[in-house]
Amino acid sequence: MTATPHKVKYETLGCKLNFSETATMGRLMAAAGFVTAGPGEVPDVCVVNTCSVTALADSKCRQHIRRLVRLYPRALVVVTGCYAQLSSREVAAINGVDIVLGSEQKGDIVRYVQQWFDQRTRQVEVTPTPLIRRFVPSCDRGDRTRYWLKVQDGCNYYCSYCTIPMARGRSRSGRIDQLVDQARRVADEGGQEIVLTGVNIGHFGHDTGEQFLHLLQALDQVEGIMRYRISSIEPDLLTDEVIAFCAGSRAFMPHFHIPLQSGSDTVLRLMRRHYDRALFARKVEQCRRLMPDCFIGVDVMVGTRGETPGCFQDSYDFIASLPVQHLHVFPYSERPGTQALRIPYVVSRRDKEERAARMIALGNRLQRDFTQRYLGQVRPVLVEAGHGSGPMHGFTDNYLRVNLAPDPALANRIVNVRLLGLCDRDLSVDAELA
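Described below are features of the structure shown in this document. (Residues numbered from 1 in each chain as written. Predicted model: local features only at pLDDT ≥ 70, side-chain atom pairs only at ≥ 80, totals over all residues. Heavy atoms only, no water.)

1. Focus on the sheet that holds strand S11 (residues 193-197)
- If you walk across this open sheet you meet the four strands as S7-S8-S11-S12, and the pairing is mixed. Here the strands that pair on one side only, and so sit at the sheet edges, are strand S7 (139-140) and strand S12 (227-230).
- Note: S11 against S12, four bridges, orientation parallel. Considered in S12, the bridge of Ile-194 is made with Tyr-228.
- Sheet contacts for helix H7 (residues 176-188): S7, strand S8 (147-150), S11 and S12; angle to S8, the most-contacted strand, approximately 170°. (Pairing = 2+ DSSP bridges. Helix = DSSP H or I, 4+ residues; strand = E, 2+ residues; numbered from the N terminus. Contact = heavy atoms within 4.5 Å. Axes fitted to C-alpha atoms, helices over the stretch in contact; angles between N-to-C directions.)

See the structure below:
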């Protein structure tokens with residue numbers, strides 16, 4: 001009699017890179033005979049891929065883990081990701097956690113799970129961060145339409161507020177030929193859009209002798225892939241050549257996400273960022289000049305140590321002057337082991353919340369103003385697979401999120417739509433087939 005396959009439930013917290021890696025772990029598990037637990041099914045294995053970018057993220061991870069243990073007391077619980085890498089002892093001490101895997105062990109999840117079923121012994125396997133050297137490839141879409149292709153991992157920048165280098169290790173990359181092969185497999189599976197992900201993807205090739213621009217040029221030649229997006233790239237690594245290539249490429253979309261963090265040069269120096277606001281403004285201006293319809297998203301941190309009221313106002317005024325379309329705003333969070341803890345000026349929680357609210361309101365205004373420029377126009381949209389009976393969604397080439405009447409035949413198709421009206425609730429756009 002054939003044994004019933006073990007059912008696995010996956011939960012992901014954090015960035016798009018984490019979602020990509022979770023999807024790849026799911027594919028590896030499926031190849032080994034495991035199946036994904038469906039809605040309402042009781043899993044035999046729970047895999048939690050964690051984030052640790054803020055103290056709040058750590059807290060959410062602990063809550064998720066404990067909730068899964070309560071809901072599924074008989075399931076094997078595997079915890080991996082940045083929180084597991086940084087705080088493996090803390091994670092292992094949570095009652096009900098059976099396996100803790102560090103950043104370098106994600107690609108070997110099948111071996112650790114099978115070993116647990118054979119021996120029923122708890123495992124904590126975490127490579128010390130300074131010794132992490134391995135690039136673990138990842139390219140998948142999970143239950144989504146767009147694929148995420150991991151091209152780089154780790155970071156060498158050591159910004160004063162950030163724990164990512166401690167969680168992910170030094171910068172390391174895939175090789176262009178291998179990444180192109182992964183893109184070809186996506187095309188063979190019918191995928192049409194790939195988002196390039198990583199921790200600091202502009203640093204691609206630092207360890208291999210290759211260049212990010214050459215990666216973009218090679219991917220642009222892959223037949224069948226109609227769209228690429230660059231998930232996030234540091235302003236000092238967004239070279240003039242990369243911008244010019246994207247402006248004239250076959251498949252790279254007019255869409256960038258560029259971390260700014262602060263519009264105050266004083267705060268940027270305290271953060272140990274690798275640029276000033278003048279450089280940032282030049283990059284935005286070049287994107288806008290070569291790609292007038294370009295959508296530019298920006299990361300903004302408020303309330304960091306050293307951000308006096310004057311520095312915040314300086315940052316706000318600078319950002320308000322930029323032709324950008326979206327602000328991803330988050331309050332500064334104290335992280336153990338970071339250099340920022342040595343900065344004496346501390347912003348109160350109340351002031352952080354007020355500053356975040358002002359920045360969010362500014363971001364909403366910028367995005368609303370940009371979106372309204374396109375109402376009435378026809379733009380191409382890749383339609384996402386629908387869920388339930390509600391509207392289907394997709395993104396235009398320049399990253400406007402649209403809502404369409406449900407039609408399963410549209411899933412994973414690029415169609416022309418007419419943009420009708422703005423939904424103030426989430427700044428998406430109602431649209432109809434053109």
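2. With respect to unusual backbone geometry
- Positive phi outside glycine occurs at Arg-120, with the angle close to 55°.
- Position of Arg-120 relative to the elements: it lies in the loop between helix H5 (109-119) and strand S6 (123-125).
- Residue classification places Arg-120 among the exposed residues on the basis of a relative accessible area of 53%.
- Phi is positive for Arg-272, which is not a glycine, with a value near 65°. (Buried < 20%, exposed > 50% of the residue type's maximum accessible area, 1.4 Å probe, protein only.)

3. So, the pairing of strand S19 (residues 414-423)
- Bridge analysis of strand S16 (residues 378-383) against S19 gives five bridges, and the strand direction is antiparallel. Opposite Val-381, over in S19, you have Val-415 as the bridge partner.
- In this sheet, strand S20 (residues 428-433) lies alongside S19 in antiparallel orientation, the contact comprising six bridges. Residue pairing for S20: Gly-421 is matched across the bridge by Asp-430.
- From the end of S19 to the start of S20, which pair antiparallel, there are four residues, and Leu-427 there has a positive phi angle of about 60°.

4. A word on the side chain of Arg-227
- Looking at the element boundaries, Arg-227 is found in strand S12.
- Relative accessible area serves as the criterion here: at 2%, Arg-227 is assigned to the buried category.
- Engagement of the side chain of Arg-227 in a polar contact is seen with the backbone oxygen of Pro-380, the distance being 2.9 Å.
- A polar contact is formed between the side chain of Arg-227 and the backbone oxygen of Phe-395, at a distance of 2.9 Å.
- Residue contacts for Arg-227: discarding those within four places in its chain leaves Gln-192, Glu-193, Ile-194, Ala-251, Met-253, Pro-380, Val-381, Leu-382, Phe-395, Thr-396, Asp-397 and Ile-414. (Polar contact = N/O pair within 3.5 Å; in protein donor to acceptor, adjacent residues only side chain to side chain.)

5. Concerning the nonpolar core
- Counting residues in each nonpolar core, the largest one holds 70 residues, and the members touching the most others are Leu-196, Phe-212, Tyr-228, Leu-327 and Met-359.
- Take this core: its biggest share by element is six residues, from H7.
- Those residues in contact with Leu-327, other than ones at most four positions away along the chain, are Val-298, Val-300, Ile-319, Met-359, Leu-362, Gly-363 and Leu-366.
- Counting 20 residues, the second-largest nonpolar core is a separate cluster that includes Cys-61, Ile-65, Val-91 and Val-100. (Core = buried A, V, L, I, M, F, W, Y, C linked by side-chain atoms within 4.5 Å.)

6. Some thoughts on the pairing of S11
- Counting buried positions along S11 gives five out of five residues, so the element sits mostly inside the fold.
- Burial of the side chains of S11 extends over both faces: Glu-193, Val-195 and Thr-197 are buried on one face and Ile-194 and Leu-196 on the other.
- The pairing of S8 with S11 spans four bridges and is classified as parallel. Along S11, the bridge assignment pairs Trp-148 with Val-195.
- Handedness of the crossover is the feature at issue here: the chain leaves S11, passes through helix H8 (residues 212-219), returns alongside S12, and the resulting connection is right-handed. (Right-handed = clockwise from strand over helix to strand, strands pointing away.)

7. Things to note about the pattern of salt bridges
- The full count for this structure, using the stated rule, is 33 salt bridges.
- Measuring nitrogen to oxygen at the nearest pair gives 2.7 Å for the salt bridge that ties Lys-150 to Glu-21. Of this pair, Lys-150 sits in strand S8 while Glu-21 sits in helix H1 (residues 16-31); the two residues are 129 residues apart in sequence, bridging distant segments of the chain.
- Ionic pairing is found between Arg-168 and Glu-21, a salt bridge with its closest N-O pair at 2.9 Å. Taken as a pair, Arg-168 in helix H6 (residues 164-168) and Glu-21 in helix H1 lie far apart in primary sequence, 147 residues in all.
- Accessibility expressed as a relative area gives 2% for Arg-168, which makes it buried.
- Connected through salt bridges with shared partners, the residues Glu-21, Lys-106, Lys-150, Asp-153, Arg-168 and Arg-172 form a single ionic network. (Salt bridge = Lys/Arg side-chain N within 4 Å of Asp/Glu carboxyl O.)

8. Some words on the sheet that holds strand S2 (residues 35-36)
- A sheet is described by the order of its strands in space; here six strands give the open sequence S2-S1-S3-S4-S5-S6, paired in parallel fashion. Each edge of the open sheet is held by one strand with a lone partner, namely S2 and S6.
- Strands in contact with H1 are strand S1 (7-12), strand S3 (45-50) and strand S4 (76-81); relative to S1, the strand with the most contacts, it is inclined by about 170°.

9. Concerning the environment of Phe-252
- Mapped onto the fold, Phe-252 is located in the loop between helix H9 (240-248) and strand S13 (255-261).
- Judged by its relative accessible area of 4%, Phe-252 falls in the buried class.
- Placed 132 residues apart in sequence, Phe-252 and Arg-120 show a C-alpha to C-alpha distance of 48 Å.
- Look past the residues within four positions of Phe-252 in its chain and what remains in contact with it is Leu-196, Leu-216, Asp-220, Tyr-228, Ile-230, Phe-245 and Cys-246.

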